[in-house]
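Structure at a glance
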Amino acid sequence: MRSFLKALYFHAQEHRVVNYLCSREYQRALFGLEEAWEDFRGTLTEEQGQTLDGLLSRQFEAACLEDEASFLAGLSMGMDLARL
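Residues numbered from 1 in each chain as written. Predicted model: local features only at pLDDT ≥ 70, side-chain atom pairs only at ≥ 80, totals over all residues. Heavy atoms only, no water.

Description of the environment of Ala62
With respect to the element layout, Ala62 can be found in helix H5 (residues 46–83). We classify Ala62 as partly exposed; its relative accessible area is 33%. Note: C-alpha distance between Ala62 and Phe10 (52 residues apart in sequence) is 17 Å. (Helix = DSSP H or I, 4+ residues; strand = E, 2+ residues; numbered from the N terminus. Buried < 20%, exposed > 50% of the residue type's maximum accessible area, 1.4 Å probe, protein only.)

Printed below as a string of structure tokens:
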């Protein structure tokens, strides 16, 4: 069952999520973000940059797990509602 849920999650990521990220709100949130990160990184020493990279990697991993948990919770709620 877990592999089925994983496959469903990856299908949603590849084929459905992009439709929800086309909003103006999302585009506004991204506007200038890459440039701001580049400017910020330019102020760091090499060691600080490596520390930041490690922290961002851990944060990204946690965000992916939270995203998957939210998807599974939503799917579970949908299945419960279908039973009503």
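Looking at the confidence of the model for the protein
On average, the protein scores 93 in pLDDT, and the residues at 70 or more come to 100%. When the elements of the protein are averaged for pLDDT, helix H2 (residues 17–20) gives the smallest value, 88, and helix H4 (residues 33–41) the largest, 96. (pLDDT = per-residue confidence, 0-100.)

Comments concerning the packing of aromatic side chains
With the rule as written, the count across this model stands at three aromatic pairs. Geometrically, the ring pair formed by Tyr9 and Phe10 is edge-to-face, given 5.4 Å between the ring centres and 70° between the ring planes. Arranged with centres 5.4 Å apart and planes meeting at 65°, the rings of Tyr9 and Phe71 form a pair that is edge-to-face. One end of the pair, Tyr9, is in helix H1 (residues 2–15); the other, Phe71, is in helix H5, and 62 residues separate them in sequence. Here Tyr9 falls in the buried class, since its relative accessible area comes to 7%. (Phe/Tyr/Trp six-rings, centres within 6.5 Å; stacked < 30°, edge-to-face > 60°.)

Quick notes on a negative patch on the surface
A cluster of like negative charges, contributed by Glu34, Glu35, Glu38 and Asp39, occupies part of the molecular surface. Residue placement: Glu35 occurs in helix H4. (Patch = residues over 30% accessible without salt bridge, like charges linked within 9 Å, V, L, I, M, F, W, Y side chains within 5 Å. Areas by Shrake-Rupley, 256 points an atom, 1.4 Å probe, with all protein chains shown as cover. Salt bridge = Lys/Arg side-chain N within 4 Å of Asp/Glu carboxyl O. Lys, Arg positive; Asp, Glu negative; His and termini not counted. Charge placed at Lys NZ, Arg CZ, Asp CG, Glu CD.)

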